[in-house]
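Take a look at the letters that make up each chain.
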Amino acid sequence: MSEHFDVHGGARLVGEVDVVGAKNSVLKLMAAALLAEGTTTITNCPQILDVPLMGDVLRSVGCDVVIDGDTAKITTPAELSHRADSAAMGKLRASVCVLGPLVGRLKQAVVALPGGDAIGSRPLDMHQNGLRKLGATSTIEHGCVVAKADGLHGAQIWLDFPSVGATENILMAAVLAEGTTVIDNAAREPEIVDICTMLTEMGAKVEGAGTSTLTVEGVEKLHPTEHRVIGDRIVGATWAFAAAMTRGDLTVRGVNPHYLDLVLDKLRLAGAEVETFDDKGFRIVQNERPKAVDWVTLPYPGFATDLQPFAVALSAVSEGTSMITENIYEARFRFIEEMMRLSGDARTDGHHAVVRGVEKLSSAPVWAADIRAGAGLVLAGLCADGVTEVWDVFHIDRGYPHFVENLNRLGARIERVAGEPERA
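Residues numbered from 1 in each chain as written. Predicted model: local features only at pLDDT ≥ 70, side-chain atom pairs only at ≥ 80, totals over all residues. Heavy atoms only, no water.

1. Re helix H9 (residues 308-316)
Logical step 1: The element H9 is extensively covered by neighbouring structure, given that 9 of its 9 residues are classed as buried.
Logical step 2: When H9 is considered as a whole, its buried residues turn out to be Gln308, Pro309, Phe310, Ala311, Val312, Ala313, Leu314, Ser315 and Ala316. (Buried < 20%, exposed > 50% of the residue type's maximum accessible area, 1.4 Å probe, protein only. Helix = DSSP H or I, 4+ residues; strand = E, 2+ residues; numbered from the N terminus.)

Take a look at the structure:
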């Protein structure tokens, strides 16, 4: 049975909200547990659908996984299967991050091509090329990535683009390779720093986390650890946009505001009052209608592509005209089609969208194409007259724990409703 959210317009969000562990980090940390025999404990896990799905992926290769609230215990046996081709692989993109650990530890892997959000092409070329540099063969056969090596050795690896996934897979293979690996043009995201921190706790030798050059000195063996996931900067930013769009007053705790420096600076330009609390959180107060600002997605420390739907949604209710440029995923602008159902005034041309703000949106049935688009449509519904139906909310559940409950506690009125949509 399908579910949708009935989102009642006219809410002003006020109060405090806690951010838990980062979705874009926890799944990779769970995969890193494959590198060491024994029980690895990961805390501050978000209670989202993707965490048990990743648990299923790890079970398919022989791990015992127990998820209890915000804690995941992963017991990795001495003998692992190198085949990760369970049905769960097709449901989340991050499942491909088991490739690097399996090749690193077992020197072979058969990993089903991943699924996940419909936001555009995300090829695995850089993942495969990195593994080849380390001494493995890698091909696509029968819907799986197949990799094999007699042994792995250190290498100088240059990434054409600072891909987070490729950086993670190459890093996790390299920590058990013989010799020194240098990854140039590596991703710099806080989630990369988080996995480097955990790998170091497990006995890996990694330098340069948070910079564009990672240096990895291979070791023979890693050991299990206990690690706390960093706060989710994308969820934290979602609440920041929610405060600005609803002219609200939100205090967001559990995420380092320095991960969001660019976002918070842009919201200041839009008219928000912003206060930060060291590395613990921030407060956003928006008293007047937001002013239009321009947004350009880039790899970190630039504006995250995951936040582009919120930039569009904010621009749709701002005073003036905004230009949004998408440089990462070509299909992100599918979100604009749904915003136009809500009477948003937007036009796209290639990588650019021009959004002219309106005083108030108009409710309509809309469909979420991915996690962030779904959350963006909910926020837009809060700024529309009437009741907006947001469909395919399973996407939102994959990225936002207790989203409806938190919104209702902060002053929104949203109901989760079972039933089939009229649209086929």
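2. Here we look at the nonpolar core
Logical step 1: Grouped together as the largest cluster of nonpolar side chains are 78 residues, with contacts concentrated most on Met54, Val98, Val175 and Leu199.
Logical step 2: Those residues within four positions of methionine 54 in sequence are excluded, and the remaining contacts are Leu27, Met30, Leu92, Ala94, Ser95, Cys97 and Val98.
Logical step 3: Counting residues in each nonpolar core, the second largest holds 72 residues, with Val312, Phe333, Leu379 and Ala384 among its members. (Core = buried A, V, L, I, M, F, W, Y, C linked by side-chain atoms within 4.5 Å. Contact = heavy atoms within 4.5 Å.)

3. A look at the domain arrangement of the chain
Logical step 1: Parsing the chain into structural domains produces domain 1 (2-19 + 231-419) and domain 2 (23-228).
Logical step 2: If you average the C-alpha positions of domain 1 and of domain 2, the two centres end up 30 Å apart.
Logical step 3: Each partner contributes residues to the interface: domain 1 has 26 residues there, and domain 2 has 22 residues.
Logical step 4: For the pair domain 1 and domain 2, the summed buried area comes to about 2000 Å², and 54% of that belongs to carbon and sulfur atoms. (Domains from an automatic or database assignment. Buried area = accessible area lost by both parts, 1.4 Å probe.)

4. Here we look at the pairing of strand S7 (residues 108-112)
Logical step 1: Summarising burial for S7: 4 of the 5 residues are buried, a large majority.
Logical step 2: Bridging between strand S6 (residues 83-84) and S7 involves 2 bridges; their strand directions are parallel. Note that in S7 the partner of arginine 83 across the bridge is valine 110. (Pairing = 2+ DSSP bridges.)

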